[in-house]
Amino acid sequence: METSSPRMSGGTREAPMNSSPAVAANAEGEEIEVLESTDVLPVAPEDQWKSLFDKYDPENSGFISTERFRDLLATHGSELDPHKLEVLLALADGNADGKICYQDFVNLMSNKRSNSFRRAILQGSRQLKGCSLRDEVGLGLSQRLVRHVAYETLPREVDRKWYFDSYTYCPPPLLILAITIAEVAVFMYYGFQLDRLVLQVSSPSFLKSPLPYHPQLRAQAWRYLSYCFMHTGIEHLSLNMAMQLLVGVPLEMVHGALRIGLVYVCGVLAGSLAVSVTDMTAPVVGSSGGVYALVSAHLANVVMNWSGMKCQFKLFRMAMALVCMSVEFGRAVWLRFYPPAFPPCPNPSFVAHLGGVMVGLTLGVVVLQNYEQRLQEQSLFWIFFCVYTLFVLCAVFWNIFAYSLLDVRLPPPP
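About the cut-offs
- Residues numbered from 1 in each chain as written.
- Predicted model: local features only at pLDDT ≥ 70, side-chain atom pairs only at ≥ 80, totals over all residues.
- Heavy atoms only, no water.
- Helix = DSSP H or I, 4+ residues; strand = E, 2+ residues; numbered from the N terminus.
- Buried < 20%, exposed > 50% of the residue type's maximum accessible area, 1.4 Å probe, protein only.
- Contact = heavy atoms within 4.5 Å.
- Areas by Shrake-Rupley, 256 points an atom, 1.4 Å probe, with all protein chains shown as cover.
- Salt bridge = Lys/Arg side-chain N within 4 Å of Asp/Glu carboxyl O.
- Core = buried A, V, L, I, M, F, W, Y, C linked by side-chain atoms within 4.5 Å.
- Phe/Tyr/Trp six-rings, centres within 6.5 Å; stacked < 30°, edge-to-face > 60°.
- Lys NZ or Arg CZ within 6 Å of the ring centre and 35° of its normal.
- 1 Å grid on protein atoms, 1.4 Å probe; cavity = no way out; pocket = protein on both sides within 12 Å on 5 of 7 lines; lining within 4 Å.
- Points joined across faces, edges and corners; volume = space filled by probe spheres on them.
- Nonpolar A, V, L, I, M, F, W, Y, C, P; charged D, E, K, R; others polar.
- Polar contact = N/O pair within 3.5 Å; in protein donor to acceptor, adjacent residues only side chain to side chain.
- Expected span 1.5 Å × (residues − 1).
- Bend = angle between axes of the 7 residues up to and from the residue.

**Q** Which parts of the structure should I look at to understand the overall build of the protein chain?
**A** When its secondary structure is counted, the protein chain shows 15 helices and two strands. In the protein chain, buried positions account for 50% of the 414 residues. Across the protein chain, every contact between residues at least 6 apart in sequence was considered, and the portion connecting residues at least 24 apart equals 75%. Accessible surface, the protein chain: about 19,400 Å² in total, of which carbon and sulfur atoms supply 64%.

Here it is, written out as structure tokens:
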């Protein structure tokens, strides 16, 4: 979420941001953060805004009443999405003294949104007119998809409405799709090369790829991430791909590729590092670290906001997600302790799943909770990010010194 001062279109001067009594009371002294909207009221230079404001303030009091502001919104109502009109009216009605100062008038007419704005809306939510987003009728297929995603991922109606109004499929949610396509392509390539689609890990050439993590090759740093493109078999790939698409794509549509990519990559890296620390002789393959980071973060967000989540059959969906995670994790545990096809090299470790879950329950939850808020201004985000960074540094030193100090007997290189 970008923070900026409202700019007067047609001029180069930036106006300072002052808050109305209602916004200031709800902001509790915090600096207002604003978000540019792609659907705005007609923009005018500052002198035109002043002229319009004076028209509704004939007494030159410096304020206009909320009733006059309603009249002004009614004049431009056709230019605004109905939900945005409701939001602006809710803010106007939420003012304790029924007045709007000039600067707030400029901010509102420029259709800026802020954290303080949201809190003011919530204060006046009892006065929001119209039905909930779920009751909207006559929507196209893409609109119904966006509405469904909003109810699957966001716990508050005001956030769902704002997301529904502002989402444009630009940029499209391509990150998770691209990762999934790459994983399928790599799997099919090695499937034809090894002539095996089930339990590829039992092929003597499986770990000779430059992608999997292997303890003997831990100095090749890219393997701590590239291992996510290799899978032990079609059953492993299918479960991960299903969870990755069903959970990851909606989350990317709401939170964007950068945030979801951060959680995913941190989960993948934590998975391989956790294996290198706790299961030092085992290789690692599969995207479970990243997948479990996303799924566990989403499930934790649903649980913490249970009353606000209005997704259909949420208990059933949560149960199914837990079943899929348990089945995939159980398969990984079974495979790890199953007699390896090529001793003394053990089968791939399951600890990467646990590393992904820990990232999801810490860093991932913070990312998903702070919808449209700048993560760098969230103290909890920095706490978890510093803890994660400390873990990565400790794991790096562990990989450099611990294997020789502990005299770990590693399996031969592939």
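**Q** Before we go on, may I ask you to explain the pattern of salt bridges in this structure?
**A** Charged atoms that come close allow side chains of opposite charge to pair. One pass over the structure, following the stated rule, counts five salt bridges. Between R317 and E152 there is a salt bridge, with its nearest N and O atoms 3.0 Å apart. One end of the pair, R317, is in helix 13 (residues 314-337); the other, E152, is in helix 7 (residues 141-153), and 165 residues separate them in sequence. Accessibility expressed as a relative area gives 32% for R317, which makes it partly exposed. The partner of R331 in a salt bridge is E328, and the shortest N-O contact between them spans 3.2 Å. Linking R331 with E328, this pair stays in helix 13, spanning three residues, or about one helical turn. By relative accessible area, R331 is classed as buried at 15%.

**Q** For this particular structure, what's the right way to read the nonpolar core?
**A** In globular proteins that are soluble, nonpolar side chains generally tend to be buried together. Ranked by internal contacts, the top residues of the largest apolar core, which has 63 residues, are Y163, Y264, V295 and V359. For this core, the secondary structure elements donating two or more residues are helix 7, helix 8 (157-166), helix 9 (175-194), helix 11 (234-278), helix 12 (288-304), helix 13, helix 14 (351-369) and helix 15 (379-405). A per-element tally of this core places helix 11 first, with 15 residues. In terms of nonpolar packing, the next biggest core, distinct from the first, is built from 11 residues, V186, Y190, F206 and C345 among them.

**Q** Could you clarify how one ought to interpret the packing of aromatic side chains in this entry?
**A** Here the distance between the centres and the angle between the planes together describe a pair of aromatic rings. Enumeration according to the criterion identifies 12 aromatic pairs in this entry. Taking 5.2 Å as the distance between ring centres and 35 degrees as the angle between the ring planes, the aromatic pair formed by Y163 and Y167 counts as tilted. Y167 shares its class with Y163; the two are buried. Directly above the ring of Y403 sits R218, whose terminal nitrogen or CZ lies 3.8 Å from the centroid.

**Q** Would you take a moment to explain empty space enclosed by the protein for this structure?
**A** If a probe the size of a water molecule is rolled over the atoms, the empty space left behind becomes visible. This structure, assessed with the given rule, holds three cavities of 30 Å³ or more. Of the volumes computed, that of the second largest cavity is approximately 50 Å³. Lining the second largest cavity we find T232, H236, V285, R331, A332, L335, P348, S349 and H353. Residue contributions to the lining of the second largest cavity peak at three residues, all from helix 13. Taken together, the residues of the lining of the second largest cavity sort by class into four nonpolar, four polar and one charged.

**Q** Looking at this structure, I do not really get unusual backbone geometry. What am I missing?
**A** For residues besides glycine, phi is generally negative; the peptide bonds are generally trans as well. Backbone torsion omega between C170 and P171 reads 0 degrees, so that peptide bond is classified as cis. On the secondary structure map, P171 appears in the loop between helix 8 and helix 9. Of note, the phi angle at D195 is positive, near 55 degrees, even though the residue is not glycine. Within the secondary structure, D195 is located in the loop between helix 9 and helix 10 (223-226). With a relative accessible area of 71%, D195 lands in the exposed category.

**Q** Even after reading the chapter, I still don't get the layout of surface pockets, so can you show me in this structure?
**A** In this model, the second largest pocket occupies a volume close to 540 Å³. Among the elements of the structure, helix 7, helix 11, helix 12 and helix 13 are those that each provide at least two residues to the lining of the second largest pocket. For the lining of the second largest pocket, the element with the most residues is helix 11, which contributes nine residues.

**Q** Help me understand the side chain of N399 in this model?
**A** Here N399 shows up in helix 15. The class for N399 is buried, based on a relative accessible area of 8%. Engagement of the side chain of N399 in a polar contact is seen with the backbone oxygen of A395, the distance being 2.7 Å. Apart from residues lying up to four places away in sequence, N399 is in contact with Y213, R218, Y224, L273 and S276.

**Q** I would appreciate a short explanation of helix 8 in the present structure.
**A** Residues that lie three or four places apart on an α-helix share one face, since the helix turns once every 3.6 residues. Within helix 8, eight of the 10 residues are buried, leaving the element largely enclosed by the surrounding structure. Every buried residue of helix 8 is accounted for by V158, D159, R160, K161, W162, Y163, F164 and D165.

**Q** Got a minute to help me understand helix 11 in this structure?
**A** The end-to-end C-alpha distance of helix 11, which contains 45 residues, comes to just 27 Å, noticeably less than the 66 Å that a straight helix rising 1.5 Å per residue would cover. In the structure, helix 11 departs most strongly from a straight axis at G256, where the bend amounts to approximately 120 degrees.

**Q** Is there a simple way to think about the environment of S209 in this case?
**A** The topology assignment puts S209 in the loop between helix 9 and helix 10. Residue S209 is classed as buried on the basis of its relative accessible area of 3%. Residues S209 and Y227, spaced 18 residues apart in sequence, show a C-alpha to C-alpha distance of 9.7 Å. Apart from residues no more than four positions distant in its own chain, S209 is found in contact with Y190, R223 and M230.

**Q** Help me understand the environment of I260, please; the structure alone is not making it clear to me.
**A** Relative to the helices and strands, I260 is located in helix 11. A relative accessible area of 0% places I260 in the buried class. Residues I260 and G290 lie 30 residues apart in sequence; the distance between their C-alpha atoms is 9.8 Å. Setting aside residues up to four positions removed in sequence, I260 forms contacts with I176, G248, L251, E252, H255, L294 and L368.

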